[in-house]
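# Survey of secondary and tertiary structure
Here is what each chain is made of, one letter per residue.
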Amino acid sequence: MKIAFVGKGGSGKTTLSSLFVRHLAATESPVVAVDADINQHLGAALGLTEAEAGALPAMGAHLPLIKEYLRGSNPRISSAETMIKTTPPGEGSRLLRVREENPVYEACARTVRLDAGEIRLMATGPFTEADLGVACYHSKVGAVELCLNHLVDGADEYVVVDMTAGSDSFASGMFTRFDMTFLVAEPTRKGVSVYRQYKEYARDFGVALKVVGNKVQGPDDLDFLREEVGEDLLVTVGHSDWVRAMEKGRPPRFDLLEPENHEALRTLRTAADASYRNRDWERYTSQMVHFHLRNAESWGNEKTGADLAAQVDPGFVLGEPTVAGNAH
Ligand SMILES: Nc1ncnc2c1ncn2[C@@H]1O[C@H](COP(=O)(O)OP(=O)(O)O)[C@@H](O)[C@H]1O
Ligand SMILES: [Mg+2]
């Protein structure tokens with residue numbers, strides 16, 4: 001399943017993503033963690049040294065390789081150059097799986113050993129001014145979106161994306177790519193306003209969105225979030241001394257995380273697992289087509305000089321291949 005942590009800068013997306021990844025790894029679940037946050041800190045939060053985190057390959061830099069691999073022998077995609085971040089897979093495309101070796105992982109993923117278990121980590125690479133501008137096709141997050149759209153994931157395997165809740169994820173279809181989106185919010189007006197904006201975009205696309213209150217200090221904080229967020233409030237996390245120790249570069253063993261925070265992580269997992277059971281591969285595929293057509297028209301056709309709508313394979317549904325040979 002695919003899970004995103006979003007929220008405003010400083011809310012605790014990276015912290016909670018990393019804790020959730022550690023939780024999953026501790027139960028020996030296969031995990032691909034993806035750092036798509038503007039500030040690339042997930043590696044450090046998973047215990048990498050500055051040098052190790054700095055040496056992570058950047059997905060953005062490997063975009064040509066990613067496109068070339070995923071395109072495979074799909075006759076509707078004439079070249080990697082005409083492939084944009086929303087180009088959907090079709091007959092002949094290569095699909096990705098959580099548990100496999102492939103050239104995309106080889107180029108872009110690194111194994112991170114945690115005190116309990118190990119995971120794969122991928123990172124978009126640091127963002128520049130150009131990435132954050134209006135020209136959304138420069139987006140490094142596009143590499144992540146392409147991979148998610150070509151990824152066939154099962155119930156017991158996890159892709160966890162640490163992601164900024166920026167306009168970029170709305171312009172593309174990125175925000176619709178997850179079985180569960182955890183919006184991390186501090187009990188502040190700003191934290192809650194990011195939630196409202198996200199909810200507004202999410203409404204028309206059936207996005208499963210739950211709020212994780214972070215840095216919640218007492219009954220006042222909890223009341224505030226309950227009032228502002230209502231039923232979407234899934235769980236709250238308080239200040240964690242374990243997290244603070246980790247920030248000092250001295251992470252205690254993960255099983256020493258505060259029991260209430262272990263419990264919060266179990267709640268997140270239960271919610272994500274339940275949401276995956278509603279996965280509708282046809283809807284998942286038709287949403288990527290929807291956003292692709294939108295992008296084709298607004299900038300993609302012009303940029304590539306091709307008719308990108310013709311890349312859509314009308315009979316294709318992402319999913320495990322059946323005996324009959326149809327994807328589903
Ligand atoms: N529950 C928590 N307990 C203690 N410190 C926290 C907690 N959540 C976040 N922090 C700290 O707050 C800062 C911002 O968190 P971070 O996860 O980097 O935010 P984001 O990724 O949303 O920008 C970090 O220094 C982090 O260690
Ligand atoms: Mg962050």
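Data block above holds the structure.
Let me begin by describing the structure that accompanies this report. (Residues numbered from 1 in each chain as written. Chains lettered and ligands numbered in written order. Predicted model: local features only at pLDDT ≥ 70, side-chain atom pairs only at ≥ 80, totals over all residues. Heavy atoms only, no water.)

### Overview of the overall build of the protein
Here is the rule we go by: Helix and strand labels come from DSSP, where a helix needs a run of H or I of at least four residues and a strand needs a run of E of at least two; each type is numbered from the N terminus. Both definitions apply: the radius of gyration is a C-alpha atom measure, and the globule rule equals 2.2 Å times residues to the power 0.38. Only protein chains enter the calculation, and the probe is 1.4 Å; a residue is then buried if its accessible area is under 20% of its type maximum, exposed if over 50%, and partly exposed in between. By definition, residues are in contact when any of their heavy atoms lie within 4.5 Å. Note on areas: Shrake-Rupley with a 1.4 Å probe; residue coverage comes only from the protein chains shown. Within this scheme the basic residues Lys and Arg register as positive and the acidic residues Asp and Glu register as negative, but His and the chain ends are omitted. One atom stands in for each charge, and that atom is NZ of Lys, CZ of Arg, CG of Asp or CD of Glu.
Scanning the protein from N- to C-terminus turns up 13 helices and 10 strands. Relative to a compact globule of 328 residues, whose C-alpha radius of gyration would be 20 Å, the protein shows 19 Å and is just as compact. With respect to the three principal axes, the spread of C-alpha positions in the protein is 55 × 45 × 40 Å. Within the span of the protein, comprising 328 residues, buried residues form 56% of the whole. In the protein, 73% of the contacts between residues at least 6 apart in sequence involve partners at least 24 apart. For the protein, the computed accessible surface area is about 14700 Å², with 49% contributed by carbon and sulfur atoms. Within the protein, the 46 negative side-chain charges are centred at a point lying 1 Å from the centre of the 35 positive side-chain charges.

### Some thoughts on the site of ligand 1
In plain terms, the rule: The cutoff for a nearby residue is simple: one of its non-hydrogen atoms must lie within 4 Å of the molecule or strand. The definition of a polar contact used here is a pair of N or O atoms within 3.5 Å, where within protein one atom must be able to donate a hydrogen and the other to accept one, and adjacent residues in sequence count solely through side-chain atom pairs.
As a matter of local geometry, ligand 1 sits amid 17 residues, with Gly10, Lys13, Thr14, Thr15 and Ser240 nearest to it. Between ligand 1 and Ser11 there is a distance of 3.2 Å, counted from an oxygen atom to a backbone nitrogen or oxygen. Separating an oxygen atom of ligand 1 from a side-chain N or O atom of Thr15 is a distance of 2.6 Å. Alone, ligand 1 offers 560 Å² of accessible surface; in the complex the protein occludes 83% of this. Of all the elements in the fold, those that place two or more residues in the shell around ligand 1 are helix H1 (13–26) and helix H11 (241–247).

### Observations concerning the coordination of the magnesium ion (ligand 2)
Quick note on the threshold: Metal donors were taken as nitrogen, oxygen and sulfur atoms no farther than 2.8 Å from the ion, or 3.2 Å where the ion is Na, K or Ca. Water is excluded, so coordination may look unfinished.
Binding of the magnesium ion (ligand 2) to the protein goes through Thr14 (OG1) and Asp37 (OD), at separations of 2.0 to 2.1 Å. Here Thr14, found in helix H1, pairs with Asp37, found in the loop between strand E2 (31–36) and helix H2 (42–45); they are 23 residues apart in sequence, far enough to count as distant. The exposure classification of Thr14 matches that of Asp37, with both residues buried.

### Focus on the packing of aromatic side chains
For clarity, the threshold we go by: Two aromatic rings, drawn from Phe, Tyr or Trp (for Trp, its six-membered ring), form a pair once their centres lie within 6.5 Å of each other, and the interplanar angle then sorts them: stacked below 30 degrees, edge-to-face above 60, tilted otherwise. Any Lys NZ or Arg CZ found within 6 Å of a ring centre and within 35 degrees of that ring's normal is scored as a charge over the ring.
All chains considered together, the criterion is met by 10 aromatic pairs. An aromatic cluster of three or more residues is present, and its members are Phe175, Tyr198, Tyr201, Phe205 and Phe291. Over the ring of Trp281 we find Arg279; its NZ or CZ atom is 4.5 Å from the centre of that ring.

### Here we look at the pairing of strand E5 (residues 118–123)
What counts, and what does not: At least two DSSP bridges between two strands are required for those strands to pair.
By the criterion of burial, E5 is predominantly enclosed, with 5 of the 6 residues buried. Here E2 pairs with E5 via 4 bridges, running parallel. Its bridge partner being in E5, Asp35 is matched across the sheet by Ala123.

### Considering unusual backbone geometry
Positive phi values are uncommon outside glycine, yet Glu28 reaches one of about 60°. Among the secondary structure elements, Glu28 is positioned in the loop between H1 and E2. We note that Lys215 has phi near 55°; this positive angle belongs to a residue other than glycine. When you line up the elements, Lys215 lands in the loop between strand E9 (209–213) and helix H10 (219–229).

### Brief notes about the side chain of Asp313
Assignment of secondary structure puts Asp313 in the segment after helix H13 (281–304). Among the polar contacts made by the side chain of Asp313, one reaches the main-chain amide nitrogen of Glu91 at a distance of 2.8 Å. Ignoring anything within four residues of it in the chain, the contact list for Asp313 reads Arg76, Gly90 and Glu91.

### Comments concerning the sheet that holds strand E10 (residues 233–236)
Picture the strands of a sheet paired through backbone hydrogen bonds; they go either parallel or antiparallel. Applied cut-off: Fitted lines through C-alpha atoms serve as axes, helices being fitted only where they are in contact, and the angles separating the N-to-C directions of these axes extend from 0 to 180 degrees.
Here 8 strands make up an open sheet; going across it, the order is E4-E5-E2-E7-E1-E8-E9-E10 and the pairing mixed. Two strands close off the open sheet at either side, each with one partner strand: strand E4 (109–113) and E10. Sheet twist, expressed as the mean angle between neighbouring strand axes with direction ignored, is 25°. Relative to strand E7 (residues 158–163), E2 runs parallel, the two sharing 6 bridges. Within E7, the residue paired with Ala33 across the bridge is Val160. Running at roughly 155° to strand E8 (residues 180–185), helix H9 (residues 189–202) makes contact with strand E1 (2–7), E7, E8 and E9 of the sheet. Contacting E8, E9 and E10, H10 crosses the sheet at an angle of about 165° to E10.

### Structural notes on the nonpolar core
The cut-off we apply is this: Here the nonpolar core consists of buried residues drawn from Ala, Val, Leu, Ile, Met, Phe, Trp, Tyr and Cys, with membership extended through side-chain atoms lying within 4.5 Å.
By size, the foremost hydrophobic cluster in this structure holds 100 residues, and its most contacted members are Phe5, Leu46, Met59, Ile119, Leu121, Met122 and Tyr198. With sequence-adjacent residues up to four places away left out, Ile119 is seen in contact with Val21, Ala25, Val31, Ala33, Leu46, Arg110, Thr111, Val112 and Leu114.

### Let's talk about the environment of Val243
Relative to the helices and strands, Val243 is located in helix H11. According to the relative accessible area criterion, Val243 is buried, its value standing at 13%. As a C-alpha pair, Val243 and Leu19 span 224 residues in sequence and 8.9 Å in three-dimensional space. Those residues in contact with Val243 that lie beyond four places of it in its chain are Thr15 and Leu19.

Interpretation note: all reported values are geometric properties and have no functional meaning in isolation.
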